[in-house]
Amino acid sequence: MIPEDLKYYKEHEWVRAEDNTATIGITDYAQDSLGDIVYVDLPEPGKQVSAGDVAGEIESVKSTAELHTPVSGTIIEVNKSVADAPEVINDDSYGKGWLFKIRFSNPSEADGLMSAQEYEEYIKGL
Amino acid sequence: MLKRTPLYDAEQAMNAHFTEFAGWKMPLYYSSIIKEHMAVRTSVGIFDISHLGKLFIKGQGATALMQCLIASDIEKVAVGCGTYAIYCNENGGVLDDEIVYRLGPDEYLAVPNAARTEFIKTWAAGHAPETVTITNRTPELCLLALQGPESDTILKNVFHENPASYKRYAVRHVVVNGYEYTVMKSGYTGENGYEIIAAPKGARYAWDALLGSGVTPCGLGARDTLRLEMGYMLYGHELTPAITPLEARLERLVAFDKGDFIGREALLEQKREGIDKRLIGFVMDEGIARDGSTILDKVNFDEIGWVTSGGYSPVLQAGIGLGYIKSEFYQIGLAIYLRVRDKLLQGHLAERPFIYTPKTRITQEKAS
């Protein structure tokens with residue numbers, strides 16, 4: 001259920017680290033808690049962000065959630081297709097529902113995030 | 001410990017996502033708020049709304065009591081019918097909005113908001129003569145809401161009733177398979193529908209029979225998006241003791257000519273002096289404004305109002321909401337800004353309901 005090859009942030013974002021790039025999205029737990037997602041406000045490419053910053057917002061029918069960046073760096077790409085069809089995040093949060101990509105300023109930062117097993121334990125305790 | 005309705009176990013077995021509402025643990029949604037919303041708009045859904053109050057007010061003087069408590073003229077309501085009514089305090093502020101059914105010449109069933117039930121019972125008792133009894137049967141009775149264009153078919157098939165014989169707000173006693181039901185033609189979704197009161201066993205029988213007939217189980221999430229899309233008010237948001245029915249544009253519920261009632265003098269005075277704020281709907285050009293957001297004039301950036309309910313319309317696929325604005329800005333179509341957290345989003349003031357009425361929409365769908 002929780003992909004083993006990703007890293008996880010306490011605010012329920014996942015990170016796929018490849019070389020100097022991080023792809024970021026929200027977890028299945030997060031999309032399920034939010035319910036029907038209807039809007040996403042994503043950061044502008046080129047923007048510098050630091051780990052823990054609020055990078056955008058996700059609106060579901062019932063609530064608004066902040067989108068955090070788990071790692072620091074420069075935003076290099078956002079997933080424009082989720083702006084047109086935000087329900088993709090509900091349907092495929094670890095795949096087609098990815099949200100933005102960052103060029104790492106410090107690639108080792110991702111090592112400090114939770115593993116799949118640690119994240120599973122973390123959400124059990126919530 | 002949160003209160004649970006007698007259908008809680010059945011709902012939990014269906015993997016309902018629960019939420020806390022007015023001290024109750026209630027289903028928020030089963031599958032998805034949008035799917036449940038659209039099921040009610042296009043076919044039929046069933047809601048467990050057993051948390052709503054069920055006050056039985058009975059005895060010599062009950063009609064005089066209701067005339068004193070509510071702003072509308074209850075004597076004009078025939079036995080076997082109900083009316084949407086508001087209770088005001090001495091200042092004209094709204095204490096509750098609810099449907100009141102007239103079961104007999106001096107016998108009433110009031111269905112207050114969940115969080116207002118105890119208050120209304122105490123308020124009514126404080127004004128009642130000794131000949132009137134007020135019984136709160138909320139814990140022992142369930143309330144279901146069957147809503148949607150196909151609810152007539154279900155009423156016919158499951159409850160063996162003739163829907164054509166039900167006028168708006170009609171209330172009837174119905175027996176099915178030995179279980180007793182009070183069926184009322186009313187609802188809070190803008191669609192044709194019925195509310196049904198039953199003891200727990202009868203409610204469980206109806207719940208299973210309705211689901212077996214293909215009715216979609218719906219939670220309070222869809223109930224809120226449905227009512228908002230129709231521009232219906234929610235107590236604690238659009239209506240509070242600090243808001244009068246004139247400000248909420250509910251003057252049609254105030255029968256100034258019926259004689260005295262609690263709040264009449266204050267409301268008459270407000271009518272003479274003028275109303276400085278009014279309820280308004282708005283549609284967002286982008287994003288969603290939630291309760292508490294500020295409404296700004298787009299020309300001068302002045303604060304002209306605030307949002308009381310904000311959400312998403314699955315039919316319009318846009319953010320919509322209700323709020324109060326200064327009377328001088330009350331103009332349908334007026335462009336506004338909404339301050340949502342640290343952002344200014346654009347929108348415009350809009351008439352309610354936000355969507356076509358079901359009748360219009362069904363006619364349009366048939367034509368297309």
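Treat the numbers as computed from the prediction; the structure is a model and nothing was measured.

K.L.:
Is there a simple way to think about the overall build of chain A in this case?
P.N.:
Of regular secondary structure, chain A possesses four helices and nine strands. Each helix and strand of chain A, placed in order from N terminus to C terminus, yields the pattern β-β-β-α-β-β-β-β-β-α-α-β-α. Here the C-alpha radius of gyration of chain A, 13 Å, is about what a compact globule of 126 residues would show, namely 14 Å. In terms of principal-axis extent, the alpha carbons of chain A reach across some 35 × 35 × 20 Å. Each of the 126 residues in chain A was classed as buried or not, and the buried ones make up 49%. Surface accessibility of chain A: about 6000 Å² in total, with carbon and sulfur atoms responsible for 44%.

K.L.:
Whenever I open this one, the overall build of chain B confuses me. Can you help?
P.N.:
In terms of regular secondary structure, chain B is built from nine helices and 20 strands. With the C-alpha coordinates aligned to their principal axes, the bounding extent of chain B is approximately 65 × 50 × 45 Å. Counting the 368 residues in chain B, one finds 58% classified as buried. For chain B, long-range pairs separated by at least 24 residues make up 65% of all intrachain contacts whose partners lie at least 6 apart in sequence. Carbon together with sulfur atoms contributes 50% to the accessible area of chain B, which is approximately 15400 Å² in total. Considering chain B, the positive charge centre built from 39 side chains and the negative charge centre built from 44 side chains are found 4 Å apart.

K.L.:
Is there a simple way to explain the interface of chain B and chain A in this structure?
P.N.:
Note on interface size: it is often stated as the accessible area lost on association of the parts. Taken together, the contact between chain B and chain A spans 16 residues of the former and 13 residues of the latter. Contact with chain A buries area across many residues of chain B, yet Arg290(B), Tyr312(B) and Arg341(B) alone supply 36% of it, more than any other trio. The interface formed by chain B and chain A contains five salt bridges. Among the ionic pairs, Glu57(A) bridges to Lys343(B), the shortest N-O distance being 3.0 Å. For the interface between chain B and chain A, the tally reads 13 residue pairs in polar contact (both at pLDDT 80 or more).

K.L.:
Sorry if this is basic, but what is going on with the pattern of salt bridges here?
P.N.:
Side chains that differ in sign of charge can pair as their charged atoms come close. In the structure shown here, the tally under the stated rule is 21 salt bridges over all chains. Between Lys101(A) and Glu77(A) there is a salt bridge, with its nearest N and O atoms 3.9 Å apart. Placement of Lys101(A) in strand 9 (residues 100-104) and of Glu77(A) in strand 8 (residues 73-78) is noted, with a sequence separation of 24 residues between them. Note on Lys101(A): relative accessible area 22%, which makes it partly exposed. A salt bridge links Asp224(B) to Arg227(B); its shortest N-O distance comes to 2.9 Å. You can see Asp224(B) and its partner Arg227(B) sitting in helix 7 (residues 220-229), three residues apart, about one turn around the helix.

K.L.:
Sorry, what's going on with the environment of Leu42(A) here?
P.N.:
As for its placement among the helices and strands, Leu42(A) is situated in the loop between strand 4 (37-41) and strand 5 (48-49). Linking Leu42(A) and Lys7(A), residues 35 residues apart in sequence, is a C-alpha distance of 20 Å.

K.L.:
Whenever I open this one, the confidence of the model for chain A confuses me. Can you help?
P.N.:
Any segment with low pLDDT has predicted coordinates that should not be analysed in fine detail. For chain A, per-residue confidence averages 96 on the pLDDT scale, and residues scoring 70 or more make up 100% of the total. At the level of individual helices and strands, chain A shows its lowest average pLDDT in helix 2 (residues 80-84) of chain A, which scores 93, and its highest in strand 1 (residues 7-8) of chain A, which scores 98.

K.L.:
I would appreciate a short explanation of unusual backbone geometry in the present structure.
P.N.:
For residues other than glycine, phi is negative in most cases, and the peptide bonds are mostly trans. Cis geometry marks the peptide bond from Arg352(B) to Pro353(B); its omega dihedral reads -5°. Among the structural elements, Pro353(B) can be located in the loop between strand 20 (343-350) and helix 9 (358-367). Unusually for a residue other than glycine, His12(A) sits at a positive phi of about 75°. Structurally, His12(A) is set in the loop between strand 1 and strand 2 (13-18). According to the relative accessible area criterion, His12(A) is buried, its value standing at 14%.

K.L.:
Help me understand the sheet that holds strand 6 (residues 54-60) of chain A, please; the structure alone is not making it clear to me.
P.N.:
Either a parallel or an antiparallel arrangement is found when strands of a sheet pair, and the pairing is made through backbone hydrogen bonds. Residues and elements named next belong to chain A. Here we have three strands laid out as an open sheet, ordered 4-6-7, and antiparallel in their pairing. Where the open sheet ends on each side, the last strands, each with one partner, are strand 4 and strand 7 (64-68). Taken over all neighbouring pairs, the strand axes of this sheet differ in orientation by 25° on average, direction set aside. Here strand 4 runs beside strand 6; their pairing, made up of four bridges, is antiparallel. Of the residues in strand 6, the one forming a bridge with isoleucine 37 is serine 60.

Parameters at a glance
- Residues numbered from 1 in each chain as written.
- Chains lettered and ligands numbered in written order.
- Predicted model: local features only at pLDDT ≥ 70, side-chain atom pairs only at ≥ 80, totals over all residues.
- Heavy atoms only, no water.
- Helix = DSSP H or I, 4+ residues; strand = E, 2+ residues; numbered from the N terminus.
- Rg over C-alpha atoms; globule rule 2.2 N^0.38 Å.
- Buried < 20%, exposed > 50% of the residue type's maximum accessible area, 1.4 Å probe, protein only.
- Areas by Shrake-Rupley, 256 points an atom, 1.4 Å probe, with all protein chains shown as cover.
- Contact = heavy atoms within 4.5 Å.
- Lys, Arg positive; Asp, Glu negative; His and termini not counted.
- Charge placed at Lys NZ, Arg CZ, Asp CG, Glu CD.
- Buried area = accessible area lost by both parts, 1.4 Å probe.
- Salt bridge = Lys/Arg side-chain N within 4 Å of Asp/Glu carboxyl O.
- Polar contact = N/O pair within 3.5 Å; in protein donor to acceptor, adjacent residues only side chain to side chain.
- pLDDT = per-residue confidence, 0-100.
- Pairing = 2+ DSSP bridges.
- Axes fitted to C-alpha atoms, helices over the stretch in contact; angles between N-to-C directions.

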